[in-house]
Amino acid sequence: MTTAGAMWRLVNKFVIIGSAEDQRIERFQAALTRVGLPAAHFVDYPDLIKGHITLGDILERGDILRIESPGKSAETEQLLLQLGKHDVEPHFERSPSTRQPEGFIYASRQWYLGLCAVLDQIDSQRASAPPHHIMNGTDAIRTMFDKSATQKILQASGISIPFFFPPIHNYEQLRTQMTTLGIHRVFIKLAHGSSASGAIAYETNGRQEKATTTIEHDNQWRLFNSLRVRTLHDSATIRPLIDTLCRHRVHVEQWIPKGSLDQQRFDVRVLVIAGQAQHSVVRLSNSPFTNLHLGNNRKPIERLIDQTSLTQWKAVERTCQQAAACFPDAFYAGIDLLFTPNLNRHFILELNAFGDLLFHVYRDGMDTYEMQIRHFISQYTN
Amino acid sequence: MFNHHLTQFIGRPVRPYLPDQGITHPEDVYRISIDYDEANWAHKFAQFVDDPQAHLAKGVVIGAWMGEDISLSSADTVAQVVATAPKLPNLHAIFLGDMTFEEIEISWIIQSDVSPLFTAFPALTHFGVRGGDQLHLGRIDHQNLTTLIIETGGLNSQVVTNLLASTLPALTHLELYIGTDDYGRTVEVEHLTPLLSQSLFPNLRYLGLRDADNADDIATAIAKAPILGQLDTLDLSLGTLSDDGGKALLASAGIKQLQKLDLHYHYLSDDLMTQFASQSFSVDVSDQQKDDDGWRYVAVGE
């Protein structure tokens, strides 16, 4: 391993654009310290968006720019919504101009267009800065935050993914398509959502229907994310819920049954760094949603390998690497995949541009941040 | 509940049957199921049966047979298992319908007339089935069946009536998921009366009347029932049992001679739980549920 001194010959400092007080920032800074490097220069999204700082004033030759998640900052969320206000297409939801209660699902498409505007701003400021490096490039972030665009790219690459529907704008259209395609179970996801955002697992046998979701609504049909999974059986509630969610732009895909491990259904998160599958964790649940923030269980990947085989796991890693390679400017990607009930097939579900926040998962003794730092720098010192 | 596949059956690990690997552990139990996008359970089962080690199979678990066409009942599956019985001479345990909620809602599984299985396998000791819609067992006349498990979101009374008119001299374990009336339960306490008041199955030692939304009624009826005299274990878990039913059980003389009373997943109060815990026999009152504004739900509702 090269010494801190040697590393500095070709790289200068780290610059992180993110949300203040986001634990991602703390953890990355802590990882820099462990590696023996100085703390990163932090740029808060609001300062960048409002023009209080420009990257041209900060970036020096040899710097490494890290674009982090905008996180849960309410201020940043509002700024992104503002930026996207004029671009959002007429058939999609527009965000209210006033602050809404905790958990409110703001206009997802509008938010995404605002994110793209910030990424454009970053790119244009970078263009006039001295030569520097970047971890995840803006193209990768833009695309990974569009589930439909991402899945199309993976499909074109021959990677096994769930079948996805053409654009769905309402419940009626969904039901018609499900009948035409002979598909009776679907996941309805926000096309621009992060892994913390709500989705609906919807199924019908032609007579009865059932929707499972963490999304709640009030009397005015404002939608909120919650941490509670609930089920709906009544068309009178399901129809308007789906109609309302579709106004945010949704990605609808076939719900492929997940296999089970240790008494629960499960899927897997794999972090690919610099083209190699690294930190991996099994996410278990008693509901269709395995997101860790819902209080679901996790298990080490060795448990899954015990029940399947190392050969099979190596094949999964290869698929994940292949998926990440579809985004050449992505230094890392958090990849979600499922195993089928016979545990012999896997499908890629999602790619996450900021999918490296994994607690208590270590590989070669390093957390996800330390490994990124070491691998990134070693590209320039070997 | 059904968030995972059976990992054990008749005391053996259950493994997914993969045609390209074949039967590598003939002493274990294989689950034969198809994925959502596979069309042909029959083909996979035929491959299993034609495996050189298939004749050693003591048990088999039948998983998803329907792929994406969930209107497909178990009829063809049952017919094929019956037809291949001669190739499975050691088979004495069958589970029909090991599907999780990821694959299908339990009340959307379409079963069929499974009685030919009892005729085709005279050596059958264990039979389990999941899915109550269209399920028909008929009156069973079987000398060797020791264990019968019927898992549904709502049990049909005709199934029970036929069952209680059956001849099952070896039956030691009877486990019924009663379910809710929303999902097809038509079983009422009066349908169970012959079972509770007579010794229909003289060797019965475990009785499970589980997942019942009329758990209080069942508990009240069974508290005074003669059948308690022959049981080791009474299982009323997973249902909506509340203090009404709990008190009836506590007041029961017959309960006291049980070795085990399983009431896990229940709506009993803390006070009743404490009273049960201080009984001389083993009681499981774990997984207490709190009612949702007066609403109580069974563990497997659909």
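See the structure printed just above.
The written sequence of each chain sets the order in which its residues are numbered from 1. Lettering of chains starts at A and numbering of ligands starts at 1, both following the order in which they are written. Two thresholds apply to this predicted model, a pLDDT of at least 70 for residue-level local features and 80 or more for giving and counting side-chain atom pairs, whereas whole-chain, interface and lining totals are computed over all residues. Note: side-chain values were computed over all heavy atoms of the structure, leaving out hydrogens and water.

Peer 1: What exactly am I supposed to notice about helix α10 (residues 235-246) of chain A here?
Peer 2: Strands are runs of DSSP state E lasting at least 2 residues, helices are runs of H or I lasting at least 4, and numbering of each runs from the N terminus. To estimate how far a helix should reach, multiply one less than its number of residues by 1.5 Å. Between its terminal C-alpha atoms α10(A) stretches 16 Å, which fits the 16 Å expected from twelve residues at 1.5 Å a residue. Where α10(A) is buried, its residues contact α9 (171-181), β5 (185-190), β6 (199-204), β7 (209-217), β8 (223-232) and β9 (250-254) of chain A. When checking whether two residues touch, look at their non-hydrogen atoms; a contact exists if any pair is within 4.5 Å.

Peer 1: Could you clarify how one ought to interpret the interface of chain A and chain B in this entry?
Peer 2: A common way to report how large an interface is uses the accessible area buried once the components associate. Across the contact, 30 residues belong to chain A and 24 residues belong to chain B. A quick way to say it: buried area is the sum, across both parts, of accessible area lost when two parts are put together, with a 1.4 Å probe. Summed over both partners, the interface of chain A with chain B buries about 2500 Å², with 43% contributed by carbon and sulfur atoms. Think of a salt bridge as a Lys or Arg side-chain nitrogen and an Asp or Glu carboxyl oxygen that are within 4 Å of each other. Among the salt bridges present, the one from K210(A) reaches E105(B), with a minimum N-O distance of 2.9 Å. Counting only elements with at least two residues in the side of chain A that touches chain B, the list comes to β6, β7 and β11 (264-273) of chain A.

Peer 1: Quick question: what am I supposed to make of the pattern of salt bridges here?
Peer 2: When charged atoms on two side chains of opposite charge get close, those side chains can pair. All names here are of chain A. Under the counting rule described, the total for this entry stands at 50 salt bridges over all chains. K13 is paired through a salt bridge with D63; the nearest N and O atoms lie 2.6 Å apart. You can see K13 sitting in the loop between α1 (4-7) and β1 (14-18) and its partner D63 sitting in the loop between α4 (55-58) and β3 (64-67), a full 50 residues away along the chain. Each member of the pair, K13 together with D63, is buried. Measuring nitrogen to oxygen at the nearest pair gives 3.9 Å for the salt bridge that ties K314 to E317. One end of the pair, K314, and the other, E317, are both in helix α12 (residues 310-325), three residues apart, so they sit about a helical turn from each other. Exposure is judged per residue with a 1.4 Å probe applied to protein chains only, and the accessible area is read against the type maximum: over 50% gives exposed, under 20% gives buried, and values in between give partly exposed. Classification of K314 by relative accessible area gives partly exposed; the value is 39%. For E317, a relative accessible area of 8% translates into the label buried. Each of the salt bridges in this network shares a partner with another, and the network as a whole consists of D22, R24, R66, E68 and D356.

Peer 1: Just checking my understanding: could you explain the pairing of strand β7 (residues 147-151) of chain B for this structure?
Peer 2: A regular strand places its side chains on the two faces of the sheet in alternate fashion. Residues and elements named next belong to chain B. Among the five residues in β7, five count as buried, and that is most of the element. The side-chain alternation of β7 yields two buried faces, one formed by T147, I149 and E151 and the other by L148 and I150. At least two bridges found by DSSP between two strands are what make those strands a pair. The sheet contact formed by strand β6 (residues 126-130) and β7 spans five bridges and is parallel. Considered in β7, the bridge of H126 is made with T147. Here β7 pairs with strand β8 (residues 173-179) via four bridges, running parallel. When the bridges of β8 are listed, I149 appears paired with E175. The definition of a right-handed crossover adopted here requires that, viewed with the strands pointing away, the path from the first strand over the helix to the second runs clockwise. This β-α-β element, β7 to helix α4 (residues 157-164) to β8, shows right-handed connectivity.

Peer 1: Is there a simple way to explain empty space enclosed by the protein in this structure?
Peer 2: If a probe as big as a water molecule is rolled over the atoms, it shows which places are left empty. Note on definitions: the grid is 1 Å and covers protein atoms alone; a cavity is a set of points where a 1.4 Å probe fits but cannot get out; a pocket is an open set with protein on both sides within 12 Å along at least five of seven lines; lining residues have an atom within 4 Å of a point. Grid points are joined across faces, edges and corners, and a volume is the space filled by probe spheres set on the points. Taken as a whole and assessed by the stated rule, the structure comprises two cavities of 30 Å³ or more. Put simply, the largest cavity is a space of about 330 Å³. In terms of lining residues, the largest cavity is bounded by 24 residues, among which K189(A), A199(A), F289(A), N291(A) and E350(A) are the most central. Within the residue set of the lining of the largest cavity, elements represented by two or more residues are β5 and β15 (346-352) of chain A. The leading source of residues in the lining of the largest cavity is β5(A), at three residues. Lys, Arg, Asp and Glu make up the charged group, whereas Ala, Val, Leu, Ile, Met, Phe, Trp, Tyr, Cys and Pro make up the nonpolar group; the residues left over, Gly among them, are polar. Tallied by class, residues from the lining of the largest cavity come to eight nonpolar, eight polar and eight charged. When its volume is computed, the second largest cavity comes out at roughly 110 Å³. In terms of lining, the second largest cavity is formed by 15 residues, of which the most central are P257(A), D35(B), Y36(B), G67(B) and E103(B). For the lining of the second largest cavity, the class distribution of residues is eight nonpolar, three polar and four charged.

Peer 1: Looking at this structure, I do not really get the sheet that holds β8(A). What am I missing?
Peer 2: Strands in a sheet are paired, the pairing made by backbone hydrogen bonds, and the direction either parallel or antiparallel. Residues and elements named next belong to chain A. The strand order across the open sheet built from five strands is β8-β7-β6-β5-β9, with neighbouring strands paired in antiparallel fashion. The sheet is open, and its two edges are formed by β8 and β9, each paired on a single side. For this sheet the average axis-to-axis angle between neighbouring strands, irrespective of direction, equals 20°. Of the pairings in the sheet, the one linking β5 to β9 comprises five bridges and is antiparallel in character. Each bridged residue has a counterpart across the sheet, and for I188 the counterpart in β9 is V252. Set on the sheet, helix α8 (residues 147-156) makes contact with β5 and β9; between it and β9 the angle comes to about 40°. All axes are obtained by fitting lines to C-alpha atoms, using only the stretch in contact for helices, and the reported angles, taken between N-to-C directions, cover 0 to 180 degrees. Against the sheet, α10 touches β5, β6, β7, β8 and β9, its axis set at about 55° to β7.

Peer 1: Help me understand the nonpolar core, please; the structure alone is not making it clear to me.
Peer 2: Taken as a class, soluble globular proteins show a tendency for nonpolar side chains to be buried jointly. What makes a nonpolar core is a set of buried Ala, Val, Leu, Ile, Met, Phe, Trp, Tyr and Cys residues whose side-chain atoms join them at distances within 4.5 Å. F48(B), F127(B), L207(B) and I222(B) are the most contacted members of the largest nonpolar core, which totals 93 residues. Ignoring sequence-local partners within four residues, the contact set of I222(B) consists of L196(B), L207(B), L209(B), I227(B), L228(B), L234(B), L236(B) and L249(B). In this structure, I16(A), L261(A), L304(A) and L343(A) belong to the second largest nonpolar core, which totals 90 residues.

Peer 1: Please clarify how the sheet that holds β7(B) should be interpreted in this entry.
Peer 2: Residues and elements named next belong to chain B. Taken together, the twelve strands give an open sheet; going across it, the order is β1-β2-β3-β4-β5-β6-β7-β8-β9-β10-β11-β12, and neighbouring strands pair in mixed fashion. Every interior strand has two partners, whereas the edge strands, β1 (8-9) and β12 (282-284), have only one. Pairing of strand β3 (residues 29-32) with strand β4 (residues 59-62), which is carried by three bridges, proceeds in the parallel orientation. Along β4, the bridge assignment pairs I32 with I62. Its contacts with the sheet put helix α6 (residues 215-223) on β8, β9 (206-212) and β10 (233-235), and the angle it makes with β9 is roughly 155°.

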